[in-house]
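Descriptive structure summary
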Amino acid sequence: MSEHCIIIGASHAAAQLASSLRQEGWEGKISIVGDEPYMPYHRPPLSKAFFVGEKTEDELLIRAANFYEKNNIDLLLGCRVSRIDRDAKKIILQDDAEIAYTKLAITTGARVRKIPFKGSELAGVFYMRDLNDVKQTHKFTGKGKSAVIIGGGYIGLETAASLRKIGMSVTVIEAMSRVLQRVTAPEVSAFYTRVHTEEGVDIRTDAGVDAITGDQHVDGVRLSDGTTIPADLVIIGVGVIPNIEIAEAAGLTIDNGIAVDEHARTNDHDILAAGDCTNHYNPIYQRKLRLESVQNATDQAKIAAKTICGKLEVYNALPWFWSDQYDLKLQIAGLSQGFDQVIIRGDSESSRSFAAFYLCEGRLIAVDAINRPKEFMTTKRALSTGQTADPIKLADDSIDIKDAFTN
Ligand SMILES: Cc1cc2nc3c(=O)[nH]c(=O)nc-3n(C[C@H](O)[C@H](O)[C@H](O)COP(=O)(O)OP(=O)(O)OC[C@H]3O[C@@H](n4cnc5c(N)ncnc54)[C@H](O)[C@@H]3O)c2cc1C
(Lines give C-alpha, C1' and ligand atoms only; values in the text may rest on other atoms or scores of the structure.)
Protein backbone atom coordinates (compact mmCIF):
# COMPACT_ATOMS: atom_id res chain seq x y z
CA MET A 1 0.00 0.00 0.00
CA SER A 2 1.30 3.51 -0.78
CA GLU A 3 2.06 5.84 2.12
CA HIS A 4 -0.92 7.72 3.55
CA CYS A 5 -0.81 10.05 6.56
CA ILE A 6 -4.24 10.81 7.97
CA ILE A 7 -4.63 13.70 10.39
CA ILE A 8 -7.75 13.60 12.59
CA GLY A 9 -9.12 17.07 13.42
CA ALA A 10 -8.88 20.09 11.08
CA SER A 11 -7.06 22.04 13.74
CA HIS A 12 -4.17 24.42 14.36
CA ALA A 13 -1.90 21.42 14.73
CA ALA A 14 -3.30 19.76 11.59
CA ALA A 15 -2.62 22.78 9.35
CA GLN A 16 0.97 22.92 10.61
CA LEU A 17 1.53 19.18 10.48
CA ALA A 18 0.32 18.84 6.90
CA SER A 19 2.42 21.78 5.78
CA SER A 20 5.53 20.56 7.67
CA LEU A 21 5.11 17.06 6.22
CA ARG A 22 5.49 18.47 2.71
CA GLN A 23 8.42 20.66 3.81
CA GLU A 24 10.14 17.63 5.33
CA GLY A 25 9.76 15.72 2.07
CA TRP A 26 6.74 13.44 2.69
CA GLU A 27 5.68 12.28 -0.77
CA GLY A 28 2.76 10.11 0.26
CA LYS A 29 -0.87 11.06 0.46
CA ILE A 30 -2.02 13.46 3.22
CA SER A 31 -5.65 13.71 4.39
CA ILE A 32 -7.08 15.95 7.07
CA VAL A 33 -10.41 14.68 8.43
CA GLY A 34 -12.28 17.24 10.52
CA ASP A 35 -15.75 17.25 12.03
CA GLU A 36 -16.26 21.01 11.71
CA PRO A 37 -17.38 22.21 8.27
CA TYR A 38 -14.42 24.64 8.05
CA MET A 39 -10.84 24.53 6.86
CA PRO A 40 -8.38 24.88 9.78
CA TYR A 41 -8.89 28.33 11.30
CA HIS A 42 -7.39 30.49 14.02
CA ARG A 43 -9.42 30.15 17.23
CA PRO A 44 -7.90 33.05 19.24
CA PRO A 45 -9.75 35.79 17.24
CA LEU A 46 -13.08 34.12 18.11
CA SER A 47 -13.11 35.97 21.44
CA LYS A 48 -11.29 39.02 20.07
CA ALA A 49 -11.20 40.58 16.56
CA PHE A 50 -13.72 38.20 14.95
CA PHE A 51 -16.12 38.58 17.85
CA VAL A 52 -16.32 42.36 17.35
CA GLY A 53 -16.47 42.16 13.56
CA GLU A 54 -12.92 43.37 12.94
CA LYS A 55 -11.97 40.14 11.16
CA THR A 56 -13.91 38.23 8.56
CA GLU A 57 -14.35 34.47 8.39
CA ASP A 58 -11.86 34.29 5.51
CA GLU A 59 -9.28 36.10 7.59
CA LEU A 60 -9.51 33.36 10.22
CA LEU A 61 -8.09 30.71 7.91
CA ILE A 62 -4.68 29.40 8.95
CA ARG A 63 -3.78 28.62 5.33
CA ALA A 64 -5.58 29.93 2.23
CA ALA A 65 -7.89 27.45 0.53
CA ASN A 66 -5.55 26.95 -2.44
CA PHE A 67 -2.68 25.96 -0.12
CA TYR A 68 -4.20 22.51 0.38
CA GLU A 69 -4.78 22.04 -3.31
CA LYS A 70 -1.27 23.17 -4.25
CA ASN A 71 0.27 20.83 -1.70
CA ASN A 72 -1.91 17.91 -2.57
CA ILE A 73 -3.55 17.73 0.86
CA ASP A 74 -7.05 16.26 0.91
CA LEU A 75 -9.60 17.86 3.21
CA LEU A 76 -12.54 15.79 4.41
CA LEU A 77 -14.59 18.33 6.32
CA GLY A 78 -17.79 17.78 8.27
CA CYS A 79 -16.62 14.18 8.84
CA ARG A 80 -16.31 12.81 12.34
CA VAL A 81 -13.92 9.93 12.97
CA SER A 82 -15.70 7.49 15.23
CA ARG A 83 -13.03 4.81 15.63
CA ILE A 84 -9.44 3.83 14.95
CA ASP A 85 -8.73 0.21 14.05
CA ARG A 86 -5.04 -0.17 14.86
CA ASP A 87 -4.80 -3.80 13.75
CA ALA A 88 -6.16 -3.06 10.28
CA LYS A 89 -4.53 0.43 10.27
CA LYS A 90 -7.66 2.27 9.27
CA ILE A 91 -10.00 4.92 10.58
CA ILE A 92 -13.76 4.51 10.58
CA LEU A 93 -15.94 7.55 9.94
CA GLN A 94 -19.34 8.20 11.46
CA ASP A 95 -21.04 6.97 8.26
CA ASP A 96 -19.03 3.70 8.54
CA ALA A 97 -16.72 4.58 5.63
CA GLU A 98 -13.19 3.28 6.23
CA ILE A 99 -9.87 4.86 5.21
CA ALA A 100 -6.53 3.10 5.49
CA TYR A 101 -3.43 4.84 6.87
CA THR A 102 0.24 4.09 7.16
CA LYS A 103 0.75 6.96 9.64
CA LEU A 104 -1.95 8.57 11.75
CA ALA A 105 -1.84 11.88 13.61
CA ILE A 106 -4.45 12.79 16.22
CA THR A 107 -4.97 16.53 16.59
CA THR A 108 -8.45 16.51 18.06
CA GLY A 109 -7.84 19.42 20.45
CA ALA A 110 -10.21 20.04 23.33
CA ARG A 111 -13.86 20.81 23.89
CA VAL A 112 -15.54 23.12 26.39
CA ARG A 113 -16.30 21.88 29.84
CA LYS A 114 -20.09 22.00 30.18
CA ILE A 115 -21.71 22.75 33.50
CA PRO A 116 -25.38 21.79 33.68
CA PHE A 117 -26.60 25.06 35.17
CA LYS A 118 -30.35 25.20 35.38
CA GLY A 119 -31.45 27.14 32.27
CA SER A 120 -28.28 26.54 30.23
CA GLU A 121 -30.41 25.22 27.35
CA LEU A 122 -32.11 28.64 26.87
CA ALA A 123 -31.59 30.59 23.65
CA GLY A 124 -28.83 33.14 24.15
CA VAL A 125 -26.56 30.91 26.27
CA PHE A 126 -23.26 29.98 24.63
CA TYR A 127 -19.88 28.40 25.15
CA MET A 128 -16.88 29.71 23.20
CA ARG A 129 -14.82 27.24 21.28
CA ASP A 130 -15.91 26.85 17.70
CA LEU A 131 -16.65 29.24 14.87
CA ASN A 132 -20.25 27.98 14.81
CA ASP A 133 -20.72 28.95 18.48
CA VAL A 134 -19.43 32.46 17.91
CA LYS A 135 -21.37 33.05 14.70
CA GLN A 136 -24.57 32.30 16.61
CA THR A 137 -23.74 34.76 19.41
CA HIS A 138 -23.81 37.61 16.89
CA LYS A 139 -27.63 37.48 16.90
CA PHE A 140 -27.59 38.34 20.59
CA THR A 141 -24.99 41.10 20.68
CA GLY A 142 -25.50 44.82 20.09
CA LYS A 143 -25.04 48.23 21.64
CA GLY A 144 -27.12 48.70 24.79
CA LYS A 145 -27.74 44.99 25.38
CA SER A 146 -26.41 43.19 28.44
CA ALA A 147 -24.24 40.15 28.83
CA VAL A 148 -23.22 37.95 31.73
CA ILE A 149 -20.02 35.97 31.42
CA ILE A 150 -19.60 32.99 33.67
CA GLY A 151 -15.89 32.42 34.30
CA GLY A 152 -13.14 34.98 34.84
CA GLY A 153 -10.36 33.20 32.93
CA TYR A 154 -8.65 34.49 29.80
CA ILE A 155 -11.52 33.65 27.46
CA GLY A 156 -14.12 35.17 29.78
CA LEU A 157 -12.13 38.37 30.20
CA GLU A 158 -11.32 38.68 26.49
CA THR A 159 -15.01 38.25 25.71
CA ALA A 160 -15.88 40.89 28.31
CA ALA A 161 -13.47 43.35 26.68
CA SER A 162 -14.91 42.61 23.23
CA LEU A 163 -18.49 43.10 24.41
CA ARG A 164 -17.61 46.42 26.02
CA LYS A 165 -16.06 47.46 22.73
CA ILE A 166 -19.42 47.04 21.03
CA GLY A 167 -21.21 48.95 23.77
CA MET A 168 -22.82 46.17 25.80
CA SER A 169 -23.12 46.20 29.55
CA VAL A 170 -21.09 43.32 30.95
CA THR A 171 -20.92 41.42 34.22
CA VAL A 172 -18.31 38.72 34.88
CA ILE A 173 -19.15 36.05 37.46
CA GLU A 174 -16.14 34.29 38.97
CA ALA A 175 -16.48 31.51 41.54
CA MET A 176 -12.99 31.98 42.96
CA SER A 177 -11.83 34.96 45.00
CA ARG A 178 -10.04 36.61 42.07
CA VAL A 179 -10.07 36.49 38.27
CA LEU A 180 -7.34 34.44 36.55
CA GLN A 181 -6.70 32.79 39.93
CA ARG A 182 -5.41 29.51 38.50
CA VAL A 183 -2.94 31.14 36.13
CA THR A 184 -1.53 34.37 37.55
CA ALA A 185 -0.26 36.12 40.66
CA PRO A 186 -2.65 38.19 42.81
CA GLU A 187 -0.99 41.38 41.49
CA VAL A 188 -1.91 40.47 37.91
CA SER A 189 -5.47 39.52 38.89
CA ALA A 190 -5.81 42.85 40.71
CA PHE A 191 -4.53 44.65 37.61
CA TYR A 192 -7.11 43.00 35.33
CA THR A 193 -9.90 43.64 37.81
CA ARG A 194 -8.90 47.32 37.93
CA VAL A 195 -8.72 47.74 34.14
CA HIS A 196 -12.01 45.92 33.51
CA THR A 197 -13.68 48.02 36.19
CA GLU A 198 -12.25 51.19 34.62
CA GLU A 199 -13.68 50.00 31.30
CA GLY A 200 -17.12 49.55 32.85
CA VAL A 201 -17.26 45.80 33.51
CA ASP A 202 -18.89 44.65 36.74
CA ILE A 203 -16.69 41.88 38.14
CA ARG A 204 -18.22 39.68 40.85
CA THR A 205 -15.82 37.27 42.54
CA ASP A 206 -16.65 34.54 45.10
CA ALA A 207 -19.94 34.37 43.22
CA GLY A 208 -21.82 31.15 42.53
CA VAL A 209 -24.46 30.69 39.83
CA ASP A 210 -27.77 29.31 41.01
CA ALA A 211 -29.58 29.35 37.64
CA ILE A 212 -29.79 30.96 34.26
CA THR A 213 -33.27 32.41 34.04
CA GLY A 214 -35.73 33.04 31.22
CA ASP A 215 -38.54 31.52 29.27
CA GLN A 216 -37.14 30.11 26.00
CA HIS A 217 -34.76 33.06 25.78
CA VAL A 218 -32.34 33.93 28.58
CA ASP A 219 -33.24 37.03 30.58
CA GLY A 220 -30.81 36.85 33.47
CA VAL A 221 -28.48 34.94 35.77
CA ARG A 222 -29.45 34.27 39.37
CA LEU A 223 -26.52 34.08 41.76
CA SER A 224 -26.35 31.88 44.86
CA ASP A 225 -26.90 34.93 47.06
CA GLY A 226 -30.29 35.48 45.37
CA THR A 227 -29.28 38.50 43.22
CA THR A 228 -30.40 38.33 39.59
CA ILE A 229 -28.35 40.05 36.90
CA PRO A 230 -30.28 40.84 33.70
CA ALA A 231 -28.82 39.37 30.49
CA ASP A 232 -29.64 39.16 26.80
CA LEU A 233 -26.60 36.94 26.32
CA VAL A 234 -24.75 34.53 28.61
CA ILE A 235 -21.34 33.17 27.76
CA ILE A 236 -19.88 30.34 29.78
CA GLY A 237 -16.11 29.96 29.80
CA VAL A 238 -15.05 27.52 32.48
CA GLY A 239 -12.28 25.57 30.83
CA VAL A 240 -11.84 22.72 28.38
CA ILE A 241 -11.31 18.97 28.40
CA PRO A 242 -9.09 17.15 25.91
CA ASN A 243 -10.70 15.07 23.13
CA ILE A 244 -9.12 11.74 23.92
CA GLU A 245 -12.01 9.30 23.49
CA ILE A 246 -11.12 7.78 20.11
CA ALA A 247 -7.49 7.39 21.21
CA GLU A 248 -8.56 5.77 24.46
CA ALA A 249 -10.94 3.38 22.72
CA ALA A 250 -8.09 2.37 20.40
CA GLY A 251 -6.01 1.36 23.44
CA LEU A 252 -3.55 4.27 23.32
CA THR A 253 -2.13 5.39 26.66
CA ILE A 254 -4.07 8.24 28.26
CA ASP A 255 -2.70 10.30 31.13
CA ASN A 256 -4.52 13.64 31.39
CA GLY A 257 -4.49 13.75 27.57
CA ILE A 258 -3.05 11.40 24.97
CA ALA A 259 0.38 10.44 26.28
CA VAL A 260 3.11 11.18 23.74
CA ASP A 261 6.88 10.93 23.91
CA GLU A 262 9.39 13.68 23.11
CA HIS A 263 8.94 12.92 19.39
CA ALA A 264 5.11 13.28 19.57
CA ARG A 265 4.59 9.50 19.27
CA THR A 266 1.90 7.65 21.19
CA ASN A 267 2.63 4.15 22.50
CA ASP A 268 1.82 2.99 18.94
CA HIS A 269 4.68 4.54 16.98
CA ASP A 270 2.63 4.76 13.78
CA ILE A 271 0.20 7.03 15.61
CA LEU A 272 1.28 10.51 16.66
CA ALA A 273 -0.58 13.29 18.40
CA ALA A 274 -0.13 17.04 18.80
CA GLY A 275 -1.83 20.03 20.42
CA ASP A 276 -4.37 20.48 23.21
CA CYS A 277 -5.27 16.77 23.26
CA THR A 278 -1.76 15.63 24.28
CA ASN A 279 0.25 15.28 27.44
CA HIS A 280 4.02 15.41 27.00
CA TYR A 281 7.19 15.69 29.06
CA ASN A 282 8.77 19.14 28.95
CA PRO A 283 12.56 19.01 29.52
CA ILE A 284 12.73 22.70 30.58
CA TYR A 285 10.20 22.29 33.41
CA GLN A 286 11.03 18.60 33.93
CA ARG A 287 7.42 17.57 34.21
CA LYS A 288 4.53 16.39 32.11
CA LEU A 289 2.33 19.09 30.61
CA ARG A 290 -0.99 19.34 28.86
CA LEU A 291 -0.98 22.77 27.28
CA GLU A 292 -3.79 24.72 25.68
CA SER A 293 -2.05 27.10 23.31
CA VAL A 294 -1.38 27.82 19.67
CA GLN A 295 2.36 27.69 20.34
CA ASN A 296 2.15 24.12 21.59
CA ALA A 297 -0.15 23.00 18.78
CA THR A 298 2.14 24.34 16.06
CA ASP A 299 5.52 23.50 17.61
CA GLN A 300 4.52 19.96 18.56
CA ALA A 301 3.04 19.44 15.08
CA LYS A 302 6.39 20.38 13.52
CA ILE A 303 8.11 17.73 15.64
CA ALA A 304 5.43 15.17 14.72
CA ALA A 305 5.99 15.85 11.01
CA LYS A 306 9.74 15.35 11.41
CA THR A 307 9.15 12.08 13.27
CA ILE A 308 6.84 10.81 10.52
CA CYS A 309 9.58 11.61 8.00
CA GLY A 310 12.15 9.69 10.06
CA LYS A 311 13.98 12.77 11.39
CA LEU A 312 13.74 12.34 15.15
CA GLU A 313 13.99 15.62 17.06
CA VAL A 314 13.14 16.30 20.69
CA TYR A 315 10.23 18.62 21.50
CA ASN A 316 11.66 21.01 24.09
CA ALA A 317 10.02 24.35 23.32
CA LEU A 318 9.40 26.95 25.98
CA PRO A 319 5.63 27.40 26.37
CA TRP A 320 4.32 30.88 25.53
CA PHE A 321 0.88 32.40 25.25
CA TRP A 322 -0.86 35.73 24.70
CA SER A 323 -4.14 37.43 25.54
CA ASP A 324 -5.52 40.67 24.06
CA GLN A 325 -7.98 42.78 26.04
CA TYR A 326 -8.71 46.47 25.28
CA ASP A 327 -5.35 48.16 24.66
CA LEU A 328 -3.54 45.47 26.68
CA LYS A 329 -1.32 42.93 25.02
CA LEU A 330 -0.41 40.30 27.57
CA GLN A 331 2.45 38.02 26.53
CA ILE A 332 3.41 35.13 28.75
CA ALA A 333 6.66 33.20 28.49
CA GLY A 334 7.14 30.06 30.55
CA LEU A 335 4.87 28.50 33.15
CA SER A 336 4.23 30.20 36.45
CA GLN A 337 2.63 27.24 38.27
CA GLY A 338 4.50 26.54 41.52
CA PHE A 339 5.92 30.06 41.90
CA ASP A 340 6.85 31.23 45.40
CA GLN A 341 7.91 34.80 44.59
CA VAL A 342 6.65 37.52 42.23
CA ILE A 343 8.68 40.52 41.15
CA ILE A 344 6.83 43.43 39.58
CA ARG A 345 8.68 45.67 37.14
CA GLY A 346 6.81 48.90 36.47
CA ASP A 347 3.55 50.10 37.96
CA SER A 348 0.78 47.52 38.04
CA GLU A 349 -1.45 49.64 40.29
CA SER A 350 -2.08 52.68 38.13
CA SER A 351 -0.48 52.18 34.69
CA ARG A 352 -1.26 49.76 31.84
CA SER A 353 2.27 48.52 31.28
CA PHE A 354 4.31 46.31 33.60
CA ALA A 355 5.85 42.86 33.87
CA ALA A 356 5.37 40.22 36.58
CA PHE A 357 8.29 37.81 36.92
CA TYR A 358 7.61 34.47 38.62
CA LEU A 359 10.34 32.71 40.59
CA CYS A 360 10.52 29.36 42.32
CA GLU A 361 13.27 28.86 44.91
CA GLY A 362 15.10 31.89 43.49
CA ARG A 363 14.96 30.66 39.88
CA LEU A 364 12.99 32.56 37.25
CA ILE A 365 10.27 30.35 35.72
CA ALA A 366 7.91 32.70 33.83
CA VAL A 367 6.91 36.25 32.98
CA ASP A 368 3.56 37.94 32.36
CA ALA A 369 4.44 41.00 30.26
CA ILE A 370 1.66 43.55 29.74
CA ASN A 371 2.40 46.01 26.95
CA ARG A 372 6.08 45.12 27.50
CA PRO A 373 7.26 43.33 24.36
CA LYS A 374 10.94 43.79 25.21
CA GLU A 375 10.55 42.17 28.63
CA PHE A 376 8.65 39.31 26.97
CA MET A 377 11.19 38.68 24.22
CA THR A 378 14.24 38.99 26.48
CA THR A 379 12.80 36.74 29.18
CA LYS A 380 11.60 34.18 26.63
CA ARG A 381 15.12 33.93 25.23
CA ALA A 382 16.63 33.77 28.74
CA LEU A 383 14.26 30.99 29.85
CA SER A 384 14.91 29.01 26.65
CA THR A 385 18.66 29.24 27.00
CA GLY A 386 18.84 28.78 30.77
CA GLN A 387 20.24 32.24 31.62
CA THR A 388 20.19 33.40 35.27
CA ALA A 389 18.15 36.43 36.36
CA ASP A 390 19.14 39.03 38.94
CA PRO A 391 15.97 39.74 41.00
CA ILE A 392 17.10 43.26 41.97
CA LYS A 393 17.63 44.22 38.33
CA LEU A 394 14.37 42.59 37.24
CA ALA A 395 12.53 44.91 39.63
CA ASP A 396 14.39 48.06 38.58
CA ASP A 397 12.61 49.60 35.61
CA SER A 398 15.50 52.03 35.03
CA ILE A 399 17.85 49.16 34.15
CA ASP A 400 17.68 47.71 30.64
CA ILE A 401 15.96 44.32 30.95
CA LYS A 402 18.76 42.72 28.95
CA ASP A 403 21.17 43.60 31.78
CA ALA A 404 19.07 41.61 34.27
CA PHE A 405 20.26 38.31 32.76
CA THR A 406 23.62 36.57 32.73
CA ASN A 407 24.77 33.37 31.05
C1 LIG B 1 -12.01 31.72 22.05
C2 LIG B 1 -10.61 31.18 22.15
C3 LIG B 1 -9.55 32.07 22.31
C4 LIG B 1 -8.24 31.58 22.41
N5 LIG B 1 -7.21 32.47 22.54
C6 LIG B 1 -5.94 32.02 22.55
C7 LIG B 1 -4.84 32.92 22.60
O8 LIG B 1 -5.01 34.13 22.66
N9 LIG B 1 -3.57 32.39 22.56
C10 LIG B 1 -3.35 31.05 22.49
O11 LIG B 1 -2.19 30.60 22.45
N12 LIG B 1 -4.39 30.17 22.48
C13 LIG B 1 -5.66 30.61 22.49
N14 LIG B 1 -6.70 29.72 22.46
C15 LIG B 1 -6.41 28.29 22.52
C16 LIG B 1 -6.06 27.75 21.15
O17 LIG B 1 -7.00 28.14 20.21
C18 LIG B 1 -5.94 26.23 21.23
O19 LIG B 1 -4.88 25.94 22.11
C20 LIG B 1 -5.69 25.64 19.86
O21 LIG B 1 -6.80 25.85 19.03
C22 LIG B 1 -5.40 24.15 19.97
O23 LIG B 1 -5.22 23.66 18.70
P24 LIG B 1 -5.33 22.10 18.39
O25 LIG B 1 -4.62 21.93 17.11
O26 LIG B 1 -4.86 21.30 19.53
O27 LIG B 1 -6.86 21.75 18.22
P28 LIG B 1 -8.19 22.56 17.99
O29 LIG B 1 -7.91 23.92 17.42
O30 LIG B 1 -8.98 22.44 19.25
O31 LIG B 1 -8.93 21.71 16.88
C32 LIG B 1 -9.29 20.37 17.05
C33 LIG B 1 -10.26 20.01 15.94
O34 LIG B 1 -10.48 18.59 15.93
C35 LIG B 1 -11.86 18.35 15.74
N36 LIG B 1 -12.18 16.98 16.19
C37 LIG B 1 -12.24 16.52 17.46
N38 LIG B 1 -12.57 15.20 17.47
C39 LIG B 1 -12.71 14.83 16.18
C40 LIG B 1 -13.06 13.61 15.54
N41 LIG B 1 -13.30 12.48 16.24
N42 LIG B 1 -13.15 13.57 14.18
C43 LIG B 1 -12.90 14.69 13.45
N44 LIG B 1 -12.58 15.88 14.00
C45 LIG B 1 -12.47 15.96 15.35
C46 LIG B 1 -12.49 19.47 16.57
O47 LIG B 1 -13.85 19.66 16.28
C48 LIG B 1 -11.63 20.64 16.13
O49 LIG B 1 -12.09 21.17 14.92
C50 LIG B 1 -8.01 30.19 22.36
C51 LIG B 1 -9.09 29.30 22.23
C52 LIG B 1 -10.37 29.79 22.11
C53 LIG B 1 -11.51 28.83 21.96
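Cut-offs applied
Residues numbered from 1 in each chain as written. Predicted model: local features only at pLDDT ≥ 70, side-chain atom pairs only at ≥ 80, totals over all residues. Heavy atoms only, no water. Near = heavy atom within 4 Å. Polar contact = N/O pair within 3.5 Å; in protein donor to acceptor, adjacent residues only side chain to side chain. Areas by Shrake-Rupley, 256 points an atom, 1.4 Å probe, with all protein chains shown as cover. Helix = DSSP H or I, 4+ residues; strand = E, 2+ residues; numbered from the N terminus. Nonpolar A, V, L, I, M, F, W, Y, C, P; charged D, E, K, R; others polar. Domains from an automatic or database assignment. Pairing = 2+ DSSP bridges. Phe/Tyr/Trp six-rings, centres within 6.5 Å; stacked < 30°, edge-to-face > 60°. Buried < 20%, exposed > 50% of the residue type's maximum accessible area, 1.4 Å probe, protein only. Axes fitted to C-alpha atoms, helices over the stretch in contact; angles between N-to-C directions. Left-handed = near helix turned anticlockwise from the far one by under 90°. Contact = heavy atoms within 4.5 Å. UniProt positions renumbered as here; feature names shortened; annotations may be inferred. Salt bridge = Lys/Arg side-chain N within 4 Å of Asp/Glu carboxyl O.

If you check the shell around the ligand, you find 33 residues, and the closest are Asp-35, Glu-36, Arg-43, Lys-48 and Arg-129. In this structure, Val-294 approaches the ligand through a main-chain N or O atom, which is 3.1 Å from an oxygen atom. The contact in question runs from an oxygen atom of the ligand to an N or O atom on the backbone of Trp-322, over 3.0 Å. Across the complex, the protein chains shield 96% of the 1000 Å² of accessible surface that the ligand would expose by itself. Those elements that place two or more of their residues in the shell around the ligand are helix H1 (12-23), strand S2 (29-34), helix H7 (294-308) and strand S22 (320-325). Of the residues assigned to the shell around the ligand, the class counts are 14 nonpolar, eleven polar and eight charged. Residue-level mapping places the shell around the ligand at the junction of two domains, with at least three residues from each of domain 1 (4-111 + 240-308) and domain 2 (125-236).

Before going further, it helps to examine the pairing of strand S4 (residues 81-85). In the sheet, S4 pairs with strand S5 (residues 90-93) via four bridges, with the strands oriented antiparallel. Opposite Arg-83, over in S5, you have Ile-92 as the bridge partner.

A few words on the packing of aromatic side chains. On inspection of all chains with the given rule, the structure shows nine aromatic pairs. Here Tyr-38 and Tyr-41 contribute two aromatic rings whose centre-to-centre distance is 5.9 Å and whose plane-to-plane angle is 90°, an arrangement assigned as edge-to-face. A residue is classified by how much of its surface remains accessible, and Tyr-38, at 13% relative accessible area, is buried. Given a relative accessible area of 3%, Tyr-41 falls into the buried group.

We now examine the packing of H1 against H7. H7 packs onto H1 with a crossing angle of 35° between their chain directions and a minimal axis gap of 8 Å. Helix-helix and strand crossings are classified by hand; for H1 and H7 the assignment is right-handed. On the side of H1, the interface is formed by His-12, Ala-13, Gln-16, Leu-17, Ser-20 and Leu-21, while H7 contributes Val-294, Ala-297, Thr-298, Ala-301, Lys-302, Ala-304, Ala-305 and Ile-308. A per-class count over the contact of H1 with H7 returns nine nonpolar, four polar and one charged.

Next up on the list: the pairing of S5. Connecting the antiparallel pair S4 and S5 is a turn made up of four residues, with Lys-89 showing a positive phi of about 50°. Two elements, S5 and strand S6 (residues 98-100), share three bridges in a ladder whose sense is antiparallel. Residue Ile-92 lies in a different strand from S6, and its bridge partner there is Glu-98.

Taken together, three strands build an open sheet; the order of strands is S18-S20-S21 and the sheet is mixed. Strands at the two margins of the open sheet, each flanked by one partner only, are strand S18 (258-259) and strand S21 (287-289). With three bridges connecting them, strand S20 (residues 278-282) and S21 associate as antiparallel partners. Each residue of the ladder has a partner; that of Tyr-281, found in S21, is Lys-288.

What follows concerns the UniProt feature "domain: FAD/NAD(P)-binding" (unreviewed entry) in the protein. This chain's UniProt record puts "domain: FAD/NAD(P)-binding" (unreviewed entry) on residues 4-301. This span, residues 4-301, is 21% helix and 30% strand, and a straight line between its end C-alpha atoms measures 17 Å.

This part covers the domain arrangement of the protein. Taken domain by domain, the protein holds domain 1 (4-111 + 240-308), domain 2 (125-236) and domain 3 (327-406). Using only C-alpha atoms to locate each centre, domain 2 and domain 3 end up separated by 29 Å. Contacts between domain 2 and domain 3 engage 13 residues on the former and 18 residues on the latter. Linking domain 2 to domain 3 there are two salt bridges. The residue Arg-352 makes a salt bridge to Glu-199 at a minimum N-O spacing of 2.9 Å. Where domain 2 packs against domain 3, one counts seven residue pairs in polar contact (both at pLDDT 80 or more). If you tally residues by element for the side of domain 2 that touches domain 3, the top one is helix H5 (residues 186-198), at seven residues. Within the side of domain 2 that touches domain 3, the residues separate by chemical class into seven nonpolar, one polar and five charged.

For the rest of this paragraph, the subject is the environment of Met-128. Summarising the element assignment, Met-128 is placed in the loop between strand S9 (125-127) and helix H3 (131-137). The class for Met-128 is buried, based on a relative accessible area of 9%. If sequence neighbours within four positions are ignored, Met-128 has contacts with Leu-46, Ser-47, Phe-51, Val-112, Asp-133, Val-134, Ile-155, Thr-159, Ile-235 and Ile-236.

A few words now on the sheet that holds strand S11 (residues 169-173). What the five strands build is an open sheet, ordered S9-S16-S10-S11-S12; its pairing is parallel. The open sheet terminates on both sides in strands that have one partner only, identified here as S9 and strand S12 (202-204). Going from strand to strand, the sheet's axes swing by 20° on average, the running direction of each strand aside. Bridge count between strand S10 (residues 146-150) and S11: five bridges; the pairing is parallel. When the sheet's bridge partners are listed, Ser-146 is paired in S11 with Ser-169. The strands touched by helix H4 (residues 154-165) are S10, S11, S12 and strand S16 (233-236); relative to S11, the strand with the most contacts, the crossing angle is about 170°.

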